[in-house]
Amino acid sequence: MQGVFIKAARDLVIEDIPAVAVGARDVAIAVTRAGICGSDLHYFLHGGFGAIRLREPLILGHEIAGVVTEAGREVSGVAVGTRVAVNPTTPCGHCKYCREGLRRHCLEVRFLGSAMRFPHVQGGFREVLTTRAENIFPLAPDLTFEEAAMAEPLAVCLHACARAGSLLGKRVLVTGSGPIGALCVLVARHAGALEIVATDVNPFALGFAARMGAHETIDTSDAGALDRFTSEKGHFDVLIEASGNEKAIRQGLECVRPCGVFVQVGLGGDISVPLSTLVSREIEIRGTFRFDAEFKMAVDILNSGALDLKPLHTHTFPHRSVMEAFEKAADKSSSMKVQLSFA
Ligand SMILES: [Zn+2]
Ligand SMILES: [Zn+2]
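Residues numbered from 1 in each chain as written. Chains lettered and ligands numbered in written order. Predicted model: local features only at pLDDT ≥ 70, side-chain atom pairs only at ≥ 80, totals over all residues. Heavy atoms only, no water.

## A few points about the environment of Glu241
Stage number 1. Here Glu241 is to be found in strand β16 (residues 236–241).
Stage number 2. Separated by 58 residues in the primary sequence, Glu241 and Leu183 place their C-alpha atoms 12 Å from one another.
Stage number 3. Among the polar contacts listed, one links the side chain of Glu241 to the backbone nitrogen of Gly244, at a separation of 2.9 Å. (Helix = DSSP H or I, 4+ residues; strand = E, 2+ residues; numbered from the N terminus. Polar contact = N/O pair within 3.5 Å; in protein donor to acceptor, adjacent residues only side chain to side chain.)

## Overview of the nonpolar core
Stage number 1. The biggest cluster of nonpolar side chains holds 52 residues, and the ones touching the most others in it are Leu154, Val172, Ile240, Phe295, Leu309 and Leu312.
Stage number 2. Here Ile240 is in contact with Cys161, Val172, Leu173, Val174, Thr175, Cys184, Val263 and Val265, once residues within four sequence places are set aside.
Stage number 3. The next biggest cluster of nonpolar side chains, apart from the first, holds 38 residues, and it includes Ile64, Val84, Leu112 and Ala329. (Core = buried A, V, L, I, M, F, W, Y, C linked by side-chain atoms within 4.5 Å. Buried < 20%, exposed > 50% of the residue type's maximum accessible area, 1.4 Å probe, protein only. Contact = heavy atoms within 4.5 Å.)

## Topic: the coordination of the zinc ion (ligand 1)
In an ideal tetrahedron of four donors about a metal, each angle is 109.5 degrees. In an ideal octahedron of six donors, the angles are 90 or 180 degrees.
Stage number 1. On the protein side, the zinc ion (ligand 1) has Cys37 (SG), His62 (NE2), Glu63 (OE) and Glu152 (OE) as donor atoms, found 2.2 to 2.5 Å from it.
Stage number 2. Around the zinc ion (ligand 1), the four donor atoms sit at angles spanning 90 to 165 degrees, and that spread fits a shape best called irregular.
Stage number 3. Between consecutive donors of the zinc ion (ligand 1), the numbers of intervening residues give the motif C-x24-H-E-x88-E. (Donors = N, O, S within 2.8 Å, 3.2 Å for Na, K, Ca; no water. Tetrahedral: all angles 85-135°; square planar, octahedral: opposite > 155°, others 65-115°.)

## With respect to the sheet that holds strand β6 (residues 58–59)
Stage number 1. The three strands are arranged β2-β1-β6 in an open sheet whose pairing can be described as antiparallel. Either end of the sheet is taken by a strand with one partner, and the two such strands are β2 (11–16) and β6.
Stage number 2. By the bridge criterion, six bridges tie strand β1 (residues 2–8) to β2 in an arrangement that is antiparallel. By the bridge assignment, Val4 is partnered in β2 with Ile14. (Pairing = 2+ DSSP bridges.)

## A short note on the packing of helix α4 (residues 151–163) against helix α9 (residues 294–304)
Stage number 1. Look at α4 against α9: their axes get within 8 Å of each other, and the N-to-C directions meet at 115 degrees. Relative to α9, α4 is oriented roughly perpendicular. Along this stretch, α4 crosses α9, giving a crossing that reads as right-handed. Touching Ala151, Glu152, Leu154, Ala155, Leu158 and His159 of α4 are Glu294, Phe295, Met297, Ala298, Val299, Ile301 and Leu302, all from α9.
Stage number 2. Looking at the contact of α4 with α9 residue by residue, the classes come out as ten nonpolar, one polar and two charged. (Axes fitted to C-alpha atoms, helices over the stretch in contact; angles between N-to-C directions. Parallel < 35°, antiparallel > 145°, perpendicular 65-115°, else oblique. Left-handed = near helix turned anticlockwise from the far one by under 90°. Nonpolar A, V, L, I, M, F, W, Y, C, P; charged D, E, K, R; others polar.)

## Description of the packing of α4 against helix α5 (residues 179–190)
Stage number 1. Across the interface, α4 lies against α5 with an axial gap of 9 Å and an inter-helix angle of 60 degrees. Overall, the two elements α4 and α5 adopt an arrangement that is oblique. In terms of crossing hand, the pair formed by α4 and α5 is right-handed. For the pair α4 and α5, contact is made by Pro153, Leu154, Val156, Cys157, Leu158, Ala160 and Cys161 and by Ile180, Leu183, Cys184, Val187 and Ala188, respectively.
Stage number 2. Its residues placed into classes, the contact of α4 with α5 shows twelve nonpolar, no polar and no charged.

## Considering helix α6 (residues 203–211)
Stage number 1. The complete set of buried residues in α6 reads Ala205, Leu206, Phe208 and Ala209. Along the axis of α6, the buried residues cluster in a sector spanning 155 degrees; they form a single face. Away from its buried face, by an angle of more than 90 degrees, α6 presents the exposed residues Pro203 and Arg211.
Stage number 2. For α6, the elements touching its buried residues are α5, β14 (195–200), β15 (216–219) and β19 (313–318).
Stage number 3. The N-capping residue of α6, defined by a side-chain oxygen 2.9 Å from the backbone nitrogen of Phe204, is Asn202. (Arc of directions from axis to C-beta.)

## A few points about the packing of aromatic side chains
Stage number 1. All chains considered together, the criterion is met by seven aromatic pairs.
Stage number 2. Aromatic pair Tyr43 and Phe49: ring centres 5.4 Å apart, planes at 55 degrees, arrangement tilted. Like Tyr43, the residue Phe49 is buried in the burial classification.
Stage number 3. Ring geometry for Phe229 versus Phe236: centroids 4.9 Å apart, planes at 55 degrees, classification tilted.
Stage number 4. Overall, Phe236 belongs to the buried group, its relative accessible area being 0%.
Stage number 5. Every member of this aromatic cluster is reached through a ring pair, and the members are Phe44, Phe125 and Phe326.
Stage number 6. Residue placement shows Arg55 over the ring face of Phe118; its charged tip is 4.2 Å from the ring centre.
Stage number 7. Here Arg290 stacks its cationic end above the ring of Phe111, 3.9 Å away from the centre of that ring. (Phe/Tyr/Trp six-rings, centres within 6.5 Å; stacked < 30°, edge-to-face > 60°. Lys NZ or Arg CZ within 6 Å of the ring centre and 35° of its normal.)

The following block contains the structure:
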């Protein structure tokens, strides 16, 4: 079988890899769709992010949907042929955070396609992925693999919005309208937000935020684009920051009301924030990291048809065209969610 390795920035290679033995509690999944995430793009464009660097060839990919081809002997209730989404996170279950119920902060977590640990955890851009049976979630018959492979970013956004607290009746500003920002718009809308304004400097992305339910989209290429929200100490109860861009954070914070909440989605890097605004307006800054129970929630929501993610999927490339796929995913003016197909 083949897998897509990254060896260094812009150095993607397809190589034959040996099949991984299916343990007693494992399942083998024929990968049908695998999404390219912002973090995969960081490896592609920069060889990593922050202190996390590629130290050996890594199979990227953690937004995976496919079909069960084999189940271990202790796995019950999973038939060969079951269509599934794969939760890419495997917490250890016994470290101090796992025991406290904070599994997303597991000290020994294994996350597919990540260089955080060494040896790196090899990911899902491969024809067959072997994973623990508890990491798979069956799909409703009419849910497409394209949507199912977006369960992971949806789970990220469900957790991010949960970190903001109840959004019912709230005014919400979402800065950054890539796939994560657009999904946060969708979740906030579903959670009963009164007003959702989405920003970006890219008109193509803003169109998706509008389709996902933003009441207003604003191109912040114009310096004064948010000025009307900054008077009288701000307008929004909640800022969901999904750009990681310092300028967007500064602009966004000026629009947050006293005692508002600022949720930073994504790592962002070493960015300076205007502490005086945070302090004088008593704004609460909250991080959000991955997800835990929200993965199952994401698949349940997709299976129910309550949220429609289909418009976010813009491109699928066969895995042999992986370079083309990554170049397209990096081109924010013409793509949102780009996926690889392995079938
Ligand atoms: Zn992702
Ligand atoms: Zn743990």
